[in-house]
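Spelled out from the first residue to the last, the chains are:
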Amino acid sequence: MNPAITKASAEPGVVSKDANPYFLALDYGTQSVRALVFDRQGQLVAKRQHSVQPYRHGAPGVSEQSAEYCYRQLVDVVRGLFEHTQVLPAQIKGMALTTQRACTVLLDGDGQAVSPVYMWSDRRLASDNLPPMAWYYRLGFFCIGLSRRIAYLRRAAKVNYLHEHQKDRLAAADKVGLLSGYLIGQITGRLVDSQASQVAYLPFDYRRKAWASPRSWRWQALASRPSQMVPLVAPTKSMGQVSEHFAKDTGLVPGLGVYGAGADKACEVYAAGCGEEDIACISLGSAAILAWGGQNYLEAYRYLPAFPSIDENDYITEIQLERGFWLLSWLIEQFGAQDVLEANELGISPEQYITQAIAKVAIGADGLLLSPLWAQGVIYPGPEARGSIVGFTPEHGRLHLYRAAIEGILMTLKQGLLRLERLKGSPFKMVRITGGGAQSDLVMQMCADIFNRPVERLSLHEASGLGAAMCCAVGAGIYPDLASARTQMRRLGEKFEPEAVHVAQYARIFTAFEALYPQIKPFFKKVNKQY
């Protein structure tokens, strides 16, 4: 582990614009960690990827991982990059980090972890017996109809769970941080994090892109102190330099400039075009998100915050489906042993095999509908949310289930797309799609047909890493701003147009799908009476 982390750091030098520098983007995702080297034109020069254990095996709903494990995975993938590619450490002129969101960790005064990392998929909740907020806050939330939502937010916040179950450890922690801040601390010896990484149940003011003011209700709702918050810097700005310790562990050059980026989704959707006029972005990853960017703070649902973009002047109006293409992986794990065997024989991933095999299943999965709201939310989809599968017959098999899952994810995203268009006041002309699902031509065509809009993907799959590399290129002085970096570094890939016959078929199915959850929701509320 890194020795004591300090607050001091020298400003790294600016790279000559006449040079052809390489930038290192480190991407710690849910399923893997990647070390990606880009040049100033956005070409992927080299890549090293290691699979990671998302969490240590434990009781259902428990998703913890050792902070030391996360650090060692980062070290190993960087060392592997230099050992197995032609890139030399001296060629790297700057680096940036992007990680999965909402992974909480407690830190001591030296920036070392004093708890596991509580990953975003951890489902443990605090009880209803949290200390009450001040009466005037409770009255205010009651008057605007948010009492139950705020109660669920407080239960879902990991700091409140820790307040109940590890109160002394939480109270003694010098900082309550995220995986991104912890790893930046290990890289630079300086405990800071990016504004664009703060997507979690912490006292963050999303409109101001800063920690909440001292009088904010958030400090009473969430069991943490202002002094426990990690200092934040804007994306593209210096976060420090590679420390002697991290350089020794990885082979990087000490003093290499480290620049702020953002969470994986912020980097990914920006690289795809979030913030460009008439462009909606969708990430089809483990979590699926729909994003639209701009300089105005706009909420997709009232009180559902817009998140910081890696462009410090922009916000991301986002709708998240927490269990996105994770759902397909889960179904394969539960029901697809034979599909895994056949995929292995063909030398492809199970997901690739499935997205090819479901081409044989009719549009609409022969009447099988799947609502993918597997995970609860505060505002959307709501704390009562549960997934559902409706319409089974003896003729349905697992391929129908796979197709229904993908169609359900995409139709849920279409509902969000239509909502954002109402907020925007005009239709989107293009949908850009990234993430694992975007690698399948069949899924891309399904997107075009269900959304009834042209859809594009990037020529490069590593969109999160590319967004981080853009931040790095701006921080190093190669480009004056992120818009310029994106213009020069991004390459668009295939474009898929809607097919009229399929559009008509999906329009009929979408009408039935839209009615599904509203009809089931009252049942879920009765079963889960606390909501």
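Calculation notes
- Residues numbered from 1 in each chain as written.
- Predicted model: local features only at pLDDT ≥ 70, side-chain atom pairs only at ≥ 80, totals over all residues.
- Heavy atoms only, no water.
- Salt bridge = Lys/Arg side-chain N within 4 Å of Asp/Glu carboxyl O.
- Helix = DSSP H or I, 4+ residues; strand = E, 2+ residues; numbered from the N terminus.
- Buried < 20%, exposed > 50% of the residue type's maximum accessible area, 1.4 Å probe, protein only.
- 1 Å grid on protein atoms, 1.4 Å probe; cavity = no way out; pocket = protein on both sides within 12 Å on 5 of 7 lines; lining within 4 Å.
- Points joined across faces, edges and corners; volume = space filled by probe spheres on them.
- Nonpolar A, V, L, I, M, F, W, Y, C, P; charged D, E, K, R; others polar.
- Contact = heavy atoms within 4.5 Å.
- Pairing = 2+ DSSP bridges.
- Axes fitted to C-alpha atoms, helices over the stretch in contact; angles between N-to-C directions.
- Polar contact = N/O pair within 3.5 Å; in protein donor to acceptor, adjacent residues only side chain to side chain.
- Phe/Tyr/Trp six-rings, centres within 6.5 Å; stacked < 30°, edge-to-face > 60°.
- Lys NZ or Arg CZ within 6 Å of the ring centre and 35° of its normal.
- Parallel < 35°, antiparallel > 145°, perpendicular 65-115°, else oblique.
- Core = buried A, V, L, I, M, F, W, Y, C linked by side-chain atoms within 4.5 Å.

(A) Up close: the pattern of salt bridges. Across all of its chains, the model carries 26 salt bridges by this definition. For E276, the salt bridge is made with R486, and the minimal N-O distance between the two is 3.7 Å. Here E276, found in the loop between α9 (264–272) and β15 (279–284), pairs with R486, found in helix α16 (residues 482–489); they are 210 residues apart in sequence, far enough to count as distant. Its relative accessible area of 8% is what places R486 among the buried residues. Each of R56, E64, D122, R124 and K158 takes part in a single network of salt bridges with overlapping partners.

(B) Region of interest: empty space enclosed by the protein. Evaluated as defined, the whole model comprises two cavities of 30 Å³ or more. Looking at the largest cavity, its volume works out to about 50 Å³. Taken together, L97, S180, I184, D193, S194, S197, M239, G260, A261 and G262 form the lining of the largest cavity. Residue assignment for the lining of the largest cavity shows that the elements contributing at least two residues are α6 (179–188) and β9 (193–194). The residue inventory of the lining of the largest cavity, partitioned by class, reads four nonpolar, five polar and one charged. By volume, the second largest cavity amounts to about 40 Å³. Around the second largest cavity sit R101, A196, V199, A263, K265, A266, F307, P308, I316 and E318, which together line it. Looking at the lining of the second largest cavity, the elements that each hand over two or more residues are α9, β17 (307–308) and β18 (315–321). Each residue belonging to the lining of the second largest cavity can be placed in one class, and the counts come to seven nonpolar, no polar and three charged.

(C) Quick peek at the side chain of S283. By the secondary structure assignment, S283 is in strand β15. For S283, a relative accessible area of 0% translates into the label buried. Leave out the neighbours within four places in its chain, and S283 touches K265, E268, A288, I289 and T434.

(D) Spotlight on the sheet that holds strand β22 (residues 455–458). Read across the sheet, seven strands follow the order β17-β18-β16-β15-β21-β22-β23 without closing on themselves; strand pairing throughout is mixed. With one partner strand each, in any of the chains shown, β17 and β23 (492–496) form the two edges of the open sheet. Bridge count between β15 and strand β21 (residues 430–434): five bridges; the pairing is parallel. Looking at the pairing, C281 lines up with R432 of β21. Together, β15, β16 (288–294), β18 and β21 form the strand contacts of helix α13 (residues 398–424), whose direction differs from that of β16 by roughly 15°. Here helix α14 (residues 441–451) sits on the sheet and contacts β15, β21, β22 and β23; the angle it forms with β22, its principal contact strand, is near 145°.

(E) Structural context of α14. By the criterion of burial, α14 is predominantly enclosed, with nine of the eleven residues buried. For α14, the complete set of buried residues consists of V443, M444, Q445, M446, C447, A448, D449, I450 and F451. Looking at where α14 begins, the residue whose side-chain oxygen comes 3.3 Å from the main-chain nitrogen of L442 is S440. Positive phi shows up at N452, right after α14, with a value of about 55°.

(F) The arrangement of the packing of aromatic side chains in detail. Taken as a whole and judged by the stated rule, the model has 13 aromatic pairs. On the basis of an interplanar angle of 85° and a centroid distance of 5.3 Å, the ring pair of F141 and W217 is categorised as edge-to-face. Placement of F141 in helix α2 (residues 135–143) and of W217 in the loop between β11 (210–211) and α7 (218–221) is noted, with a sequence separation of 76 residues between them. On the basis of relative accessibility, which here comes to 11%, the residue F141 falls in the buried class. Taken together, a centroid distance of 5.8 Å and an interplanar angle of 50° make the contact between F523 and F524 tilted. For F523, a relative accessible area of 51% puts it in the exposed group. According to the relative accessible area criterion, F524 is buried, its value standing at 9%. Aromatic ring contacts, followed pair by pair, group F204, Y206, W211 and F307 into a single cluster. Its guanidinium or amino end placed over the ring of Y315, K209 lies 4.4 Å from that ring's centre, counting from NZ or CZ. The ring of Y301 carries the charged tip of R419 above its face, separated from the ring centre by 3.6 Å.

(G) Region of the structure containing the packing of helix α10 (residues 326–335) against helix α12 (residues 350–357). In contact at an axis separation of 11 Å, α10 and α12 are set at 95° when each is read in the N-to-C sense. On the basis of their axis angle, the class for α10 and α12 is roughly perpendicular. Together, L328, S329 and I332 of α10 and P350, E351 and I354 of α12 make up the contact between the two elements. In terms of residue class, the contact of α10 with α12 is made up of four nonpolar, one polar and one charged.

(H) The nonpolar core, seen in detail. Judged by nonpolar contacts, the single largest core of 96 residues is most densely connected at L284, L413, I433, F451 and V455. A total of eleven residues in this core trace back to one element, the largest contributor, which is α13. Core analysis: the second largest hydrophobic core is formed by 44 residues, L26, A46, V77 and M119 among them.

(I) View of the environment of Y402. One can find Y402 in helix α13. Counting along the chain gives 75 residues from Y402 to L327, while the straight-line C-alpha distance between them is 9.2 Å. Setting aside anything within four residues of it in sequence, one finds Y402 in contact with L328, L331, I332, F335, G336, D339, I354 and I358.

(J) Region of the structure containing the packing of α13 against helix α17 (residues 500–527). It is the contact of α13 with α17, at a shortest axis distance of 11 Å, that shows an interaxial angle of 80°. Between α13 and α17, the angle is such that the two are roughly perpendicular. For the pair formed by α13 and α17, the contact residues are R403, E407, G408, M411, T412, K414, Q415 and L418 on the first element and Y506, I509, F510, F513 and E514 on the second. Of the residues contributing to the contact of α13 with α17, the split by class is six nonpolar, three polar and four charged.

(K) Looking closely at the layout of surface pockets. Of the voids in this model, the second largest pocket is the one considered here, and its volume is about 430 Å³. Considering the residues around the second largest pocket, the lining is formed by 19 residues, among which Y301, Y380, Q415, Y517 and P518 are closest to the centre. Residue assignment for the lining of the second largest pocket shows that the elements contributing at least two residues are α13 and α17. In the lining of the second largest pocket, the residues fall into ten nonpolar, four polar and five charged.

It is worth stressing that arrangement in space is one thing and function is another; only the former is reported here.
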